[in-house]
Amino acid sequence: MKTLVVAATKAELTFFYQHFNLPDGDFVESKNFDLLISGVGMVATAFALGKYLSPKYSLVLNLGIAGSFDRSIPLGTVLNITDDTFAELGAENGDEFLTITDLGFGENHYTAKTQRKIELPLAKGITVNRVTGSEKSIQTLMKRLNPTTESMEGAAVFYASKQLNIDCLQVRSISNYVEPRNKENWKIGLAIKNLNDWAIAFVGEMN
Ligand SMILES: O=C(O)c1cccc(C(=O)CC[C@H]2O[C@@H](n3cnc4c(=O)[nH]cnc43)[C@H](O)[C@@H]2O)c1
């Protein structure tokens, strides 16, 4: 059984491609794992996984960078995201937010599933269509969901894996704090390096 490694962009797995000498494609097959570049966001991720996810995989490993709501976590920290929520999926009712669960349309919260021991700090994530970038949105999300991180794909990967009852893990490296947008503050290079170091060791040990 194989692992399917999923990332939104090729840039997030630059050193992983180099280390395993992978050809330059969006879906790459190798002996012990396959690699899928889904594109950014939940829609692209769901489409890509709809095309490639199948019972031949025993583990889906979602890798990427993420924003942190918690400023005590140093940029570049690699985290095991064990819980993830579709933060915007539901309905506004005035100032109140109704989740799709409240509306009777299913689950908005998903979890990682694996027997493997992952030596990383655990964190709770949310998945958004729109990168959070105002104090008002931050306060609203903190009050409602109290997340540590946000990404644009995590919950979609958990969702697809659950549909096929395949184990899944989400490992993300913090590239920025969630704050009013200022890309100069982002440490994307550091986050990608640390993410790739972890991923190369983890996938290398599986072989
Ligand atoms: O600008 C670059 O050099 C660059 C290189 C690699 C990747 C990127 C991205 O912007 C990746 C987008 C990806 O990152 C996740 N992400 C990162 N921070 C946040 C955030 O604060 N809120 C939500 N998502 C975030 C997200 O999963 C995107 O897919 C740029």
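- Looking up the chain in an unreviewed UniProt entry gives the name Futalosine hydrolase, with the organism given as Pedobacter vanadiisoli.
- On record in UniProt, under Pathway (unreviewed entry), the comment for the chain is "Quinol/quinone metabolism; menaquinone biosynthesis."
- The Function (unreviewed entry) field of the UniProt record for the chain holds the comment "Catalyzes the hydrolysis of futalosine (FL) to dehypoxanthine futalosine (DHFL) and hypoxanthine, a step in the biosynthesis of menaquinone (MK, vitamin K2)."

### So, the UniProt feature "domain: Nucleoside phosphorylase" (unreviewed entry) in the chain
Right, on to step 1. Under the UniProt annotation, "domain: Nucleoside phosphorylase" (unreviewed entry) lies at residues 38–196.
Right, on to step 2. Helix makes up 28% of residues 38–196 and strand makes up 33%, while its end C-alpha atoms are separated by 17 Å.

### What to know about helix H5 (residues 154–163)
An α-helical segment advances 3.6 residues per turn. Residues three or four places apart therefore align on the same side.
Right, on to step 1. Counting buried residues along H5, eight of its 10 residues qualify, which places the element largely inside the surrounding structure.
Right, on to step 2. Listing the buried residues of H5 in full gives Gly154, Ala155, Ala156, Val157, Phe158, Tyr159, Ala160 and Ser161.
Right, on to step 3. Looking one or two places after H5, you find Asn165, whose phi comes out positive at around 55 degrees.

### Comments concerning the site of the ligand
Right, on to step 1. In the vicinity of the ligand lie 19 residues, with Ala8, Ala11, Gly67, Ser151 and Met152 positioned nearest.
Right, on to step 2. Listed by contribution, the elements that provide at least two residues to the shell around the ligand are strand E4 (57–68), strand E10 (149–151) and strand E11 (167–177).
Right, on to step 3. With four residues, E4 is the largest single contributor of residues to the shell around the ligand.
Right, on to step 4. For the shell around the ligand, the residue count by class is 10 nonpolar, six polar and three charged.

### Comments concerning the pairing of strand E5 (residues 78–86)
Where a strand is regular, its side chains alternate between the two sheet faces.
Right, on to step 1. Direction of pairing for E5 relative to E11: antiparallel, over a ladder of three bridges. The residue of E11 that forms the bridge with Asn80 is Val171.
Right, on to step 2. Relative to strand E9 (residues 122–127), E5 is paired through six bridges, and the arrangement is parallel. In the sheet register, Ile81 faces E9, and the bridge partner there is Ala123.
Right, on to step 3. For E5 and strand E8 (residues 109–111), the ladder comprises three bridges, and the chain directions are antiparallel. Counterpart to Thr85 in the pairing with E8 is His109.

Criteria and cut-off values
Residues numbered from 1 in each chain as written. Predicted model: local features only at pLDDT ≥ 70, side-chain atom pairs only at ≥ 80, totals over all residues. UniProt positions renumbered as here; feature names shortened; annotations may be inferred. Helix = DSSP H or I, 4+ residues; strand = E, 2+ residues; numbered from the N terminus. Buried ≥ 20, exposed ≤ 12 C-beta atoms within 10 Å, placed from the backbone. Near = placed C-beta within 6 Å. Nonpolar A, V, L, I, M, F, W, Y, C, P; charged D, E, K, R; others polar. Pairing = 2+ DSSP bridges.

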